[in-house]
Structure formats: C-alpha cells, structure tokens
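Chains, contacts and geometry: an overview
As a plain string of letters, each chain reads:
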Amino acid sequence: APEADLRVDLQFSDDVDAVRATLVPALQADDRLSGVRVYAQVLYEASGAEGWEAMRVEVGDYSGESVAFLSGAAPTSGQIALSVLNAKKYDRRVGDTMTLRRNDVDVSLVVSGIYQDVTSGGRTAKMAGEVTSGASGYTMFADVSGADPATVAAEYAASFPSASVIPMREYVSQTLSYVTDAFRSAAIVAFAFG
C-alpha cells in the first residue's frame, strides 16, 4: 500500500459505484486532504493448473512510489505486477506474459514486477489503469495535513457509513498484529530463558 495517513475501503455493498461517485469528489475537494489515490478491486480469471481461477486484481495508478518491488517495477499500460505467492503459483517472472480473462474477453499482459504482500493471503496482483464502475470494491488513500487523521476518519465514516475509513497507522497495526504479537511473545520467552 502507498504511504498515506488515511485509508478508505469501500466493498461488500450493492452500491459501491454510487458511493464511490460521491466519496471520491468529496475527498478530492477536502483541503485537509492531498494526494488522493483510488484503486479498484476487479475480479479476473487467470489460467492456472486446474483451468481458469479467480484472481483479484487491484487497478490504479502506480506511477509514484506506491509499492516496493523485489524485482522489476510498477506496472504501466499492458502490464501486471504479481505478489511473490502469485508469481510462484503461476510460475511467472518479470518479463513473462500472463493471460487474464474478464467477461469472456482475454487480455495478455507482461509481468512488470514482483512484490511482497501480506494482505488477502498474500495472493494479489496490481495493474495500471482506472476503473470507475463495475469493480467489486475500491480502496482510497489520502494524506492529511492540518488535522488529526483519526478525526478526519471519524467524519468520513459518519458521512459514508458503507465505507470503512481508518487512519493508516491503525490499519497497519491491525493488519500486522499477529506478526508483532508473535515477535513480542518470542522476545519475552527468549529474555526469560536468557
């Protein structure tokens, strides 16, 4: 995920496109927010060992420093970046071609980069582009200046109840709590035995 102060998730709702259509302009018009980035989660199918399998692809603008890549670079038009687990699953490396299908239309993409991910079971993909409707969900990021991110998050959560609005620090803490808790326990045990 890009470095940001605020994260907004919009999914699991029948009206994600309608909410996105009002939420994104509201975020962009708010002078406390800058660098608003919108990513769409789109369901594709990828050819796997057992035929066509569902693959969730995040579509957006990766031209900035949004993701750190282990190899290769961010995707541009006609390219896709894969998480380490998806690269292994589909046996793809940077420069390889991968075919995805959506609504019975095949598209051939070149793997631009491989990155590490712990979200969605570590099986994710990123593609350049803009999707404004028909996505299964949207994620938005923004930088906050002159205000507390928790206060801004609470305001937007109240105005858009179908969206999950959270300060990025809290999101990272929640997402990685199982890792940090395990390290904390291991450190305590090692200290006790030491």
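As shown above, the structure is provided for reference.
Just so we're clear, the structure is a prediction, and the values are computed from it rather than from any experiment.

**Looking at the overall build of the protein chain**
Check the secondary structure of the protein chain and you find five helices and ten strands. Per-residue burial for the protein chain yields a buried fraction of 37% across its 194 residues. Expressed as a percentage of contacts within the protein chain between residues at least 6 apart in sequence, the contacts between residues at least 24 apart total 73%. Summed over its atoms, the accessible surface of the protein chain is roughly 10600 Å², and 53% of this surface lies on carbon and sulfur atoms.

**Some thoughts on the pairing of strand β8 (residues 125-128)**
Strand direction decides the pairing type here: strand β3 (residues 51-60) and β8, joined by four bridges, are parallel. Pairing of Val57 across the sheet is with Ala125, part of β8. Bridge count between strand β5 (residues 79-83) and β8: three bridges; the pairing is antiparallel. Along β8, the bridge assignment pairs Ile80 with Met127.

**Concerning the pairing of strand β9 (residues 137-144)**
Within β9, seven of the eight residues are buried, which leaves it mostly tucked inside the rest of the structure. Two strands pair when backbone bridges link them, and strand β1 (residues 6-11) and β9 are joined in this way by six bridges, in the antiparallel orientation. Within the sheet, the bridge partner assigned to Leu10 lies in β9 and is Tyr138.

**Considering the side chain of Ser83**
With respect to the element layout, Ser83 can be found in strand β5. Ser83 has contacts with Ile114, Tyr115, Asp117, Gly122, Arg123 and Thr124, leaving out every residue within four places of it along the chain.

**Remarks on the nonpolar core**
Ranked by size, the top nonpolar core spans 40 residues in total, and within it Leu23, Met55, Val57 and Leu100 carry the most contacts. Sequence-distant contacts of Met55, that is, excluding residues within four places in its chain, are made with Val42, Leu43, Tyr44, Glu45, Ala46, Leu82, Asn86, Tyr90, Met98, Leu100 and Ala125.

**Comments concerning helix α1 (residues 16-29)**
Taking 1.5 Å of rise per residue, the 14 residues of α1 would be expected to cover 20 Å, and the 20 Å separating its terminal C-alpha atoms lies within 8% of that figure. Buried within α1 we find Val16, Val19, Arg20, Leu23, Val24 and Leu27. The buried residues of α1 all sit within an arc of 120 degrees when viewed along its axis, so they share a single face. On its buried face, α1 sits against β1, β2 (33-48), β9, α3 (149-159) and β10 (163-167).

**Remarks on the layout of surface pockets**
Estimated volume of the second largest pocket: approximately 280 Å³. The wall of the second largest pocket is formed by 19 residues, among which Val36, Arg37, Val38, Asp61 and Glu130 lie closest to the centre. Within the residue set of the lining of the second largest pocket, elements represented by two or more residues are α1, β2 and β3. It is β2 that contributes the most residues to the lining of the second largest pocket, five residues altogether.

**Some points on the pattern of salt bridges**
Scanning the entire structure with this criterion turns up eight salt bridges. Note that Arg7 and Asp9 form a salt bridge whose closest N and O atoms lie 2.8 Å from each other. The class of Asp9 is buried, set by a relative accessible area of 11%. Across the pair Asp30 and Arg32 runs a salt bridge whose closest N-O atoms are separated by 2.8 Å. Overall, the relative accessible area of 23% leaves Arg32 in the partly exposed class.

**Here's the deal with α3**
Owing to its 3.6 residues per turn, the α-helix aligns residues three or four sequence positions apart on the same side. Within the span of α3, buried status applies to Val152, Ala153 and Tyr156. Looking straight down α3, one finds that the buried residues subtend no more than 100 degrees of arc, so they occupy a single side.

**Comments concerning unusual backbone geometry**
In the Ramachandran plot, Asp91 falls in the positive-phi region, its phi being about 50 degrees despite a non-glycine side chain. With respect to the helices and strands, the residue Asp91 is situated in the loop between α2 (84-89) and β6 (97-102). Its identity as a non-glycine residue notwithstanding, Asp104 has a phi of 60 degrees, on the positive side. Asp104 sits in the exposed class, given a relative accessible area of 70%.

What counts and how
- Residues numbered from 1 in each chain as written.
- Predicted model: local features only at pLDDT ≥ 70, side-chain atom pairs only at ≥ 80, totals over all residues.
- Heavy atoms only, no water.
- Helix = DSSP H or I, 4+ residues; strand = E, 2+ residues; numbered from the N terminus.
- Buried < 20%, exposed > 50% of the residue type's maximum accessible area, 1.4 Å probe, protein only.
- Contact = heavy atoms within 4.5 Å.
- Areas by Shrake-Rupley, 256 points an atom, 1.4 Å probe, with all protein chains shown as cover.
- Pairing = 2+ DSSP bridges.
- Core = buried A, V, L, I, M, F, W, Y, C linked by side-chain atoms within 4.5 Å.
- Expected span 1.5 Å × (residues − 1).
- Arc of directions from axis to C-beta.
- 1 Å grid on protein atoms, 1.4 Å probe; cavity = no way out; pocket = protein on both sides within 12 Å on 5 of 7 lines; lining within 4 Å.
- Points joined across faces, edges and corners; volume = space filled by probe spheres on them.
- Salt bridge = Lys/Arg side-chain N within 4 Å of Asp/Glu carboxyl O.

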